Amino acid sequence: MIGQTSKTGLSVGIFMLGCVLFSNPLLALFNYKVLLLGVPLLFLYIFAAWLLLILLVIRVARIRPRSAQIRGSQDTEDMTSP
Amino acid sequence: MLEKGTILLVAFGYMGLLFAIAYAGDKRAEMGRSIISNPYTYALSLAVYCTAWTFYGSVGRAAHSGIGSLAVYTGPTLVAVLGWQILRKIIRISKINRITSIADFIASRYGKSTTLAGVVTIIAVLGIIPYISVQIKAISTTYLLISQYPSITVPEHLSNIPILSDTAFYVALLLAVFAFLFGTRHLEATERHEGLVAAIAFESLVKLIAFLAVGLFVTYGMYNGVGDLFSKALAVPDISKFFVIDVSAKSSVGWYSLTFLSMMAILFLPRQFQLAVVENVNEEHLKKAIWLFPLYLLAINLFVLPVAFGGLLHFPDGSIDADTFVLTLPMIGHQAGLVLLVFIGGLSAASGMVIVETIALSTMICNDLVMPVLLRLPFLDLARRSDLSSLLLTIRRGSMMLVLLLGYAYYHYVVKYYSLVSIGLISFTAVAQFGPAILGGIFWKGGTRTGALCGLLAGFAVWGYTLVLPSLAQAGFLSEHFVMQGPFGISLLRPNQLFNLNVTALGFDQYTHAVFWSMLVNLGIYTMVSLLTRQTAMEHTQATLFVDVFKYSADMDKSSFWRGTASVPALRSLLARFLGKLRANEALAEYARSHHINPEQVQTTDAGLVSYSEKLLAGAIGSASARVMVASVVKEEPLVIGDIMDILDETRQVIIYSRELEKASGELKAANERLKELDKLKNEFISTVTHELRTPLTSVRALAEVLHHNPDIDPVQHQEFSRIIVNESERLSRLINDVLDFQKIESGRMQWQLSRLDFKKIIEDSVQAMNQLIQDKHIRLDLDLPPQVPLITGDRDRLIQVMLNLISNAAKFCPDAQGAITIGLHAEADHLKVHVTDNGIGISPMDQQIVFKEFRQVKDATRGRPMGTGLGLSITKRIIDFHKGNIWVESGLGRGASFSFTLPLKGESIEESPMSVFS
């Protein structure tokens, strides 16, 4: 199911998710002077979000393009401009 | 106590190790077993992004603004998410076009423009110099700091000391030497530095380990873990304020602009471009690098806040510069080994950045600034020099030295007033100016050279005005007045508040202010000018090749812009000049192998090899210069314009050809029509002739039968019948003669008896012959003959036939009563003119056109078919034609007809020639 979606689309989606995660309304949600697990909440949140993004990128990087079997066509697969 | 000697020994030992790694890397690359051809080395080399700024500065910034400093690393993470889409495209384009630098990239995209390459180079050099100065500052400051170990004495800003006793000066020189060693070891000036990449990757590893070591030491050595450290920090209000960020719209602007700047920087910093794009071995490596690199950033930032808070807890009075916490904390912990490790880590971060940056910048200065100028200077005549590779290396080394000395100068005069991070941001803002031209260039075909040039220049100008001028003013090069009150007191133009932008209300700091204005101007002008200007053919081609790179890359080698040919020896010597003889031969041999040609036998080459050579050269001297050099040995005008003209010409020829075809088929069609008509006429003729033959034959036969069956017929009647039989027989012979004559003339078998003739005599003879007929019809005949006419050359019998035809024709159409025929003869300058005029029924203008055509008879509704075969006038015309004369008729219905013809007096030109039906 995930392989059916274009890699570019997913990447753009993650990028937009990252933009949202790292911007104000969400940052403000965690903007309290408290420690969680001994770590400032905002600090924890940012690193968690960061890690999430990396994990998502790993997941997407593993997707083989639909036409991976056909050599050469793989290149054009994803390159509709974002 | 750390002896200076120990520190220097370790530092030089470390650099030696790096050099050994680079050497090994190059050796293995030569043997074809690349140690950098794996995604891990690639990802680690990308971490050259983390410089001394990161290593020392991020703690310093965290100690001033807390968590907000992380934006410098979350931005690149966001870019990495799109790395497969953006970076891979840039890599593919660069590989195909042999692009060696960011200047090359932009120039190539916008029609291989030398001007653009020069502008980008200048922006890059001026923009990066503050950044390089930061590294010089970091190395020299930390060196001075740890050389005091274990006492912590913050080194004074030593701006007043002479340059020659300034540690930073020697640091700059040493860095230049290292850059020489790493970047220009080879005699061939090629673009790839495998060993360097290996060394940089190693440095990235070292700085990460060093930083993690400090982090672990501070967190677990000085405090009892993360919880302990943070709860102690929470207790101090001055520190706990950094646990949160100011989320008001006003102040979050800084976070966004930092994110934006770092996103641009990770793509367009010359050293990032060098390692991520130019040194990329395999684009598949990007797949792992796009998550390994963010992971690296995350790891190196894990302990930034703990170290910063630890520093703030230990030095609450602010006596120690937070930029040095990474070193000062181990120092107060008396960890000499760790201090050295951290120093080496910082050295790694700084030297890695400086080496790669200077290599990238020197390539740009050499290829895009110096060489294009030198190649165009006629008195240097570089194009003819046999070996330029040593000159290239000299220029590169010179520009490396220049860059580092400029970096030192900026450090010496300006940097002391700024923190590491602030200086870095000046460079980031400069580099961000490349964003519109590059991103626009690879995703939008409409961007034009002029648009890119104007956008870049405008953005760069705003950058200089809003960021560099104030920094120079602070250093005392400009009056503070300029910054505070604006130039000439015009407050609208204050560099820190351009057009009175309410920076305080918006929460803009100096950098956000500069980013806003420069990007607004840059992007706006790039877009507008691009929309308003036209691309040249070259730009258009390059735009398509860049934007649709994945569509065209499969057959990129074939789609060359060169349409001309060049001689192989000329190309070979051109390559040898820039690449060295050995490499040039190797390259040509490789091309020959892959294209199955024998380079020794082939003397001229096609566009393929020319393009191949251009790309090879582009690797050494940049695409703009390479184009100029290749153009000097290629024969034809190479541009696409010529191509288009060719195509147009081809099209035109096809059109002409098809027109000719049309014409020919039209002719064929007409001929066919004519044949059909002739066929029809021949059928009519046959029926006419047979009818004409049958009529006299019938009467001859009938009368002969009467005479045969009635032997005792009345003698008078017998006489009458015999006369009719004779007349009809004559008419039959005449008809048959006509047909035979016509057939003879048409087939060119007519025997012409040419002699000198008196045409007056011919007319008289003809009239004589016709006298009986004329008198029978009671026609009045007038002769208008001059006493004497010049002789002509011609066939007497045929000309008499002409006259007979015309006279009998006239007689035929004369009215029964008061018929009149006039025959006139006039001698003119070079011809005789004869006319035979009657007062008969005349010929309508339409019929005048056809009377001379064979088998044509003018039909008349009232009189029916006239007597004759319809060949008389046709034969007449052919006889006149043979004599090179003209014949025509003037007439009107009811006004009689006048047939005239001319005969040339000089009859020598008459030749016997067949006449065809189609004449």
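In this numbering scheme, every chain counts its residues from 1 along its sequence in written order. Ligands are numbered from 1 and chains lettered from A, in the order in which they are written. The predicted origin of the model limits local features to residues at a pLDDT of at least 70 and limits the giving and counting of side-chain atom pairs to 80 or more, whereas totals for whole chains, interfaces and linings rest on all residues.

Visitor: Any chance you could break down the overall build of chain B for me, citing the residues and the numbers?
Guide: Strands here are runs of E lasting at least two residues and helices are runs of H or I lasting at least four, both read from the DSSP assignment and numbered beginning at the N terminus. Helix and strand counts for chain B come out as 36 helices and 9 strands. For chain B, buried positions account for 47% of its 919 residues. Placing C-beta atoms from the backbone, we regard two residues as in contact once those atoms come within 7 Å. In chain B, 82% of the contacts between residues at least 6 apart in sequence involve partners at least 24 apart. Remark: C-beta atoms are placed from the backbone, and a residue is labelled buried if 20 or more other C-beta atoms sit within 10 Å of its own, exposed if 12 or fewer do, or partly exposed between those counts.

Visitor: Explain the overall build of chain A to me, using residue names and the numbers behind them.
Guide: Across its full length, chain A carries 4 helices and 2 strands. Starting at the N terminus and ending at the C terminus, chain A contains elements arranged as α-α-β-β-α-α. Of all 82 residues assigned to chain A, the portion counted as buried reaches 26%. At a minimum sequence separation of 6, the contacts of chain A that also span at least 24 residues come to 54%.

Visitor: Can you tell me about the environment of T466 of chain B, naming the residues and giving the values?
Guide: All names here are of chain B. Along the chain, T466 falls in helix α21 (residues 449-474). Distance in space between the C-alpha atoms of T466 and R494 is 8.3 Å, their sequence separation being 28 residues. Beyond its immediate chain neighbours, meaning those up to four positions away, T466 contacts P495, L498, H513, A514 and W517.

Visitor: Tell me what's going on with the packing of α21 of chain B against helix α24 (residues 510-532) of chain B, and back it up with residues and numbers.
Guide: All names here are of chain B. It is the contact of α21 with α24, at a shortest axis distance of 7 Å, that shows an interaxial angle of 165 degrees. In terms of orientation, α21 and α24 fall into the roughly antiparallel class. At the point where α21 passes α24, the crossing takes the right-handed sense. Grouping the amino acids of the contact of α21 with α24 by side-chain chemistry returns 15 nonpolar, 10 polar and no charged. Working convention: axes come from line fits to C-alpha atoms, limited for helices to the stretch in contact. Angles between N-to-C directions cover 0 to 180 degrees. The cut-offs work like this: below 35 degrees is roughly parallel, past 145 is roughly antiparallel, 65 to 115 is roughly perpendicular, and the gaps in between are oblique. For a crossing to be left-handed, the near helix must be turned anticlockwise from the far one by less than a right angle; the clockwise case is right-handed. Gly is put with the polar residues, along with every residue not named as nonpolar or charged; the nonpolar set is Ala, Val, Leu, Ile, Met, Phe, Trp, Tyr, Cys and Pro, and the charged set is Asp, Glu, Lys and Arg.

Visitor: Give me the lowdown on the sheet that holds strand β6 (residues 819-827) of chain B, citing residues and values where you can.
Guide: All names here are of chain B. Strands are treated as partners if at least two bridges between them are detected by DSSP. Read across the sheet, 5 strands follow the order β4-β6-β7-β9-β8 without closing on themselves; strand pairing throughout is mixed. Bordering the open sheet on either side are β4 (779-784) and β8 (887-891), each of which pairs with just one other strand. Taking the axes of each pair of neighbouring strands and ignoring which way they run, one obtains an average angle of 15 degrees across the sheet. In the sheet, β4 pairs with β6 via 6 bridges, with the strands oriented parallel. Across the sheet, the residue bridging to D782 is T822, located in β6.

Visitor: Give a description of the nonpolar core that names residues and reports values.
Guide: Residues and elements named next belong to chain B. The term nonpolar core refers to a set of buried Ala, Val, Leu, Ile, Met, Phe, Trp, Tyr and Cys residues connected through C-beta atoms within 7 Å. With 238 residues, the main nonpolar core has I106, V120, V214 and A308 as its most contacted residues. The greatest single-element share of this core, amounting to 24 residues, is contributed by helix α17 (residues 336-376). Residue contacts for A308: discarding those within four places in its chain leaves V59, A62, A63, A322 and F325.

Visitor: Describe the interface of chain B and chain A, with residues and values.
Guide: You'll often see interface size given as the accessible area lost when the parts meet. Between chain B and chain A, the residue contacts involve 35 residues of the former and 36 residues of the latter. Looking at the side of chain B that touches chain A, the elements that each hand over two or more residues are α4 (71-81), α5 (83-97), α10 (225-235), α12 (249-268), α14 (285-301) and α26 (549-552) of chain B. The greatest single-element share of the side of chain B that touches chain A, amounting to 6 residues, is contributed by α14 of chain B. Of the residues belonging to the side of chain B that touches chain A, the class tally is 23 nonpolar, 9 polar and 3 charged.

Visitor: A description of helix α2 (residues 39-46) of chain B should follow, citing residues and the corresponding values.
Guide: Residues and elements named next belong to chain B. Of all 8 residues that make up α2, 6 are buried, and the element is covered over most of its length. Those residues of α2 lying buried are T41, Y42, A43, L44, S45 and L46. Elements in contact with the buried residues of α2: α9 (194-222), α13 (270-278) and α14.

Visitor: Lay out the confidence of the model for chain A with the relevant residues and their values.
Guide: Residues and elements named next belong to chain A. The pLDDT value tells you how sure the predictor is about a given residue, anywhere from 0 up to 100. Model confidence for chain A is summarised by a mean pLDDT of 73, while 72% of its residues fall at 70 or above. Here helix α4 (residues 73-77) stands out as the element of chain A with the lowest mean pLDDT, 40, in contrast to helix α3 (residues 41-62), whose mean of 88 is the highest. Taken together, the stretch residues 67-82 has pLDDT below 50 and engages in 25 contacts with residues farther than four places along the chain or on a different chain.

Visitor: Report on the environment of A62 of chain B, specifying residues and quantitative values.
Guide: Residue and element names in this part refer to chain B. As for its position among the elements, A62 is in helix α3 (residues 52-65). The buried category is assigned to A62, around which 26 C-beta atoms lie within 10 Å. Separated by 261 residues in the primary sequence, A62 and D323 have C-alpha atoms spaced 9.5 Å apart. Excluding residues that lie within four positions of it along the chain, A62 makes contacts with S69, V304, L305 and A308.

Visitor: Talk me through unusual backbone geometry; I want residue IDs and the actual numbers.
Guide: Residues and elements named next belong to chain B. Despite not being glycine, H334 has its phi angle at roughly 55 degrees, a positive value. Summarising the element assignment, H334 is placed in the loop between α16 (325-332) and α17. Look at K884: it is not a glycine, yet its phi comes out positive at around 60 degrees. Relative to the helices and strands, K884 resides in the loop between α36 (872-882) and β8. Among the residues examined, K884 registers 17 C-beta atoms within 10 Å and is labelled partly exposed.

Visitor: Quick one: what's the story with the pairing of strand β7 (residues 831-838) of chain B, residue by residue and with numbers?
Guide: Residues and elements named next belong to chain B. Here 7 bridges tie β6 to β7, and the two strands are oriented antiparallel to one another. When the bridges of β7 are listed, G824 appears paired with H835. Remark: 3 residues form the turn of the hairpin made by β6 and β7, two consecutive strands paired antiparallel.

Visitor: Give a description of the packing of α2 of chain B against α9 of chain B that names residues and reports values.
Guide: Residues and elements named next belong to chain B. At a minimum axis distance of 8 Å, the contact between α2 and α9 shows a crossing angle of 70 degrees. On the basis of the axis angle, α2 is roughly perpendicular to α9. Contacts between α2 and α9 involve T41, L44 and S45 on the former and, on the latter, V197, A198, I200, A201, S204 and L205. Residue classes in the contact of α2 with α9 are distributed as 6 nonpolar, 3 polar and no charged.

Visitor: Quick rundown of the pairing of strand β9 (residues 897-904) of chain B? Include the residues and the values.
Guide: All names here are of chain B. Here β7 runs beside β9; their pairing, made up of 7 bridges, is antiparallel. What sits directly across from H831, in β9, is P904. What sits between the antiparallel neighbours β8 and β9 is a turn of 5 residues, in which G894 has the positive phi angle 80 degrees.

Visitor: Lay out the environment of P696 of chain B with the relevant residues and their values.
Guide: The topology assignment puts P696 of chain B in helix α31 (residues 640-709). C-beta crowding within 10 Å serves as the criterion here: with 20 such atoms nearby, P696 of chain B is assigned to the buried category.

Visitor: Describe the confidence of the model for chain B, listing the residues and the values that go with them.
Guide: Residues and elements named next belong to chain B. Taken as a whole, chain B shows an average pLDDT of 80; of its residues, 87% reach a score of 70 or greater. Confidence drops under pLDDT 50 across residues 555-561; counting only partners more than four residues distant or on other chains, this segment forms 11 contacts. Reported confidence for the predicted complex is 0.80 by ipTM and 0.65 by pTM.

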